[in-house]
Amino acid sequence: MSSALTDLFPHPIVQAPMAGGVSVPQLAAAVSEAGGLGFLAAGYKTADGMYQEIKQLRGLTNRPFGVNVFMPQPEHAESGAVEVYAHQLAGEASWYETELGDPDSGRDDGYDAKLAVLLDNPVPVVSFHFGVPSREVLDTFRRAGTLTLVTATTAEEARAVERAGADAVIAQGVEAGGHQGTHRDLPENDGSGIGLLSLIAQIREAVRVPVVAAGGIMRGSQIAAVLAAGASAAQLGTAFLATPESGAHALHKQALTNPLFARTELTRAFSGRPARGLVNRFLREHGPYAPAAYPEVHHLTVPLRKAAAKAGDAQGMALWAGQGHRMARELPAGRLVEVLAAELAEARTALSDLPRPGGDPR
């Protein structure tokens, strides 16, 4: 099955699906055309909006691509905690001259409707974030000819992915930008994320399905490292964020290498779920008080983030980024795939030239 996945794209490079308007058809097409696997992000879109992007992408490339879907979230947030947070954000709403969003705008992100579209018009790959689909869903995709991937942040979650019948697991290390794809959002686990190389090793010992490695990967030498650790491919998000094809806001792209934003943190400030972003004013002021309430907090802060972007204020935006953000390169997406592939080949050659134990060359 590893070959069934990697045979779809010549280079073991997957462009991470980044929701919120970043992973647009132009980006996915450029990556797929260059020999990687481009991805669309269905998160926060309607089923029809997702369908329209798929049609647009198919008009740009005949190469394989993927679509990422968010899993529906269980109801566990305390409404009182969300109300308290909304009260705290009232000053932000006043400052940006906007209203807070409705925290009860929906929990399932149009999941069933999106599955129906993806099964009526099958795509090569579908991945899932924030949980594991049922075996019935994954079997239905298999019959449709679609390969399925599911994010896991621990070996236990990877076992659940394998039991459900997914074709591969995306091992997401704590270094990754954006939302951690934990299957259950437990506040007591905050700060306990696992680094990517350790996670790959643990998951490789726990399951037999192929592993796609994600988290902080910015260079071809890092791709070589995760492949050597047992992954079949590497998924990169922040590395593609700064490309001209990316739909990210210009301020977001600039912030990746701006010395003003020196580090990242996992925060619940913008969405109520742990997500890694550049540390800015909003994150510092509200992160310590944000409740574990996704997607309620996400809906609550959407107008604030849009208003901050419109005002040109990066200090109020969700600047999602992985730990390697300072290594971002403003290259066209297709060219970036080529550079990463060349760096990977160079790293592999260097590894093959290392002496064997005892001093004999390989």
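Note that the structure is predicted; figures quoted are calculated from it, not measured.

Turning our attention to the packing of helix H3 (residues 47-60) against helix H6 (residues 111-120). Put simply, H3 and H6 touch, their axes get as near as 9 Å, and they point 30 degrees apart. By the criterion of interaxial angle, the relationship of H3 to H6 is roughly parallel. As H3 runs across H6, the sense of the crossing is right-handed. Contacts between H3 and H6 pair Ala47, Met50, Tyr51 and Ile54 from the former with Ala113, Lys114, Val117 and Leu118 from the latter. When its residues are assigned to classes, the contact of H3 with H6 shows 7 nonpolar, no polar and 1 charged.

In this section: the pattern of salt bridges. For the coordinates displayed, the defined rule picks out 12 salt bridges. With a closest N to O distance of 2.9 Å, Arg268 and Asp190 form a salt bridge. Taken together, the residues Arg268 in the loop between strand E10 (264-267) and strand E11 (275-278) and Asp190 in the loop between strand E7 (178-179) and helix H9 (196-206) connect sequence positions 78 residues apart. A salt bridge links Arg281 to Glu285; the shortest N-O distance between them is 3.1 Å. Highlighted residues: Arg281 and Glu285, both in helix H13 (residues 281-286), separated by 4 residues, approximately one helical turn.

On to helix H4 (residues 79-88). One turn of an α-helix holds 3.6 residues; hence residues three or four places apart share an orientation. Taken together, the buried positions of H4 are Val82, Tyr85 and Ala86. With its buried residues spanning 105 degrees around the axis, H4 presents them on a single face. Along H4, exposed side chains directed more than 90 degrees from the buried face belong to Glu83, Val84 and His87.

Reading the values: the criteria
Residues numbered from 1 in each chain as written. Predicted model: local features only at pLDDT ≥ 70, side-chain atom pairs only at ≥ 80, totals over all residues. Heavy atoms only, no water. Axes fitted to C-alpha atoms, helices over the stretch in contact; angles between N-to-C directions. Helix = DSSP H or I, 4+ residues; strand = E, 2+ residues; numbered from the N terminus. Parallel < 35°, antiparallel > 145°, perpendicular 65-115°, else oblique. Left-handed = near helix turned anticlockwise from the far one by under 90°. Contact = heavy atoms within 4.5 Å. Nonpolar A, V, L, I, M, F, W, Y, C, P; charged D, E, K, R; others polar. Salt bridge = Lys/Arg side-chain N within 4 Å of Asp/Glu carboxyl O. Buried < 20%, exposed > 50% of the residue type's maximum accessible area, 1.4 Å probe, protein only. Arc of directions from axis to C-beta.

Nothing here speaks to function; it is all geometry.
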